[in-house]
Amino acid sequence: MGDKDQRKELDSMLSSLGVAPVAGKLPINFPKGFQNPKMADRKAELEKKRIKLQIMREEKERRRKEKELKDVEEAAGRSGAMGDKDQRKELDSMLSSLGVAPVA
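Here is what the cut-offs are and how they apply
Residues numbered from 1 in each chain as written. Predicted model: local features only at pLDDT ≥ 70, side-chain atom pairs only at ≥ 80, totals over all residues. Heavy atoms only, no water. Helix = DSSP H or I, 4+ residues; strand = E, 2+ residues; numbered from the N terminus. Buried < 20%, exposed > 50% of the residue type's maximum accessible area, 1.4 Å probe, protein only. Areas by Shrake-Rupley, 256 points an atom, 1.4 Å probe, with all protein chains shown as cover. Salt bridge = Lys/Arg side-chain N within 4 Å of Asp/Glu carboxyl O.

With respect to the overall build of the chain
And then number 1: A count of helical and extended segments in the chain gives 2 helices and 0 strands.
And then number 2: For the chain, buried positions account for 3% of its 104 residues.
And then number 3: For the chain, the accessible surface area stands at approximately 9700 Å², while carbon and sulfur atoms represent 59% of it.

Right, here's the structure in full:
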């Protein structure tokens, strides 16, 4: 039974009792502790969106930290490679000064 049918039925019952029919839509008052079903659906939808957004933020932060760690490792690798060459040159010069053939 739709809203219009219910309203017509209510209006006919009220007129039979000598009360003027109700004009317009009747408000629905939910008892305390109960929510409007549409509002509950909306709240659940907003909560899902909040959770999804939080997960996206955590993923973004995780990727940022991984990238930062990777950049630090690459920078350390580059400076370490340079250090190896410098050390090798220094070792070769020390060996040469002692009359030993260079390593490389």
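Topic: the pattern of salt bridges
And then number 1: One pass over the full model with this rule turns up 8 salt bridges.
And then number 2: A salt bridge links Glu47 to Arg50, with the nearest nitrogen and oxygen atoms 2.6 Å apart. Pair noted here: Glu47 and Arg50 are both in helix 2 (residues 37–97), with a separation of 3 residues, about one helical turn.
And then number 3: Of the residues examined, Glu47 reaches a relative accessible area of 37% and is grouped as partly exposed.
And then number 4: Notably, a salt bridge pairs Asp71 with Lys67, separated by 3.4 Å at the nearest N-O pair. Here Lys67 and Asp71 lie together in helix 2, a separation of 4 residues that amounts to about one turn.

The values reported here are purely geometric and, on their own, carry no functional implication.
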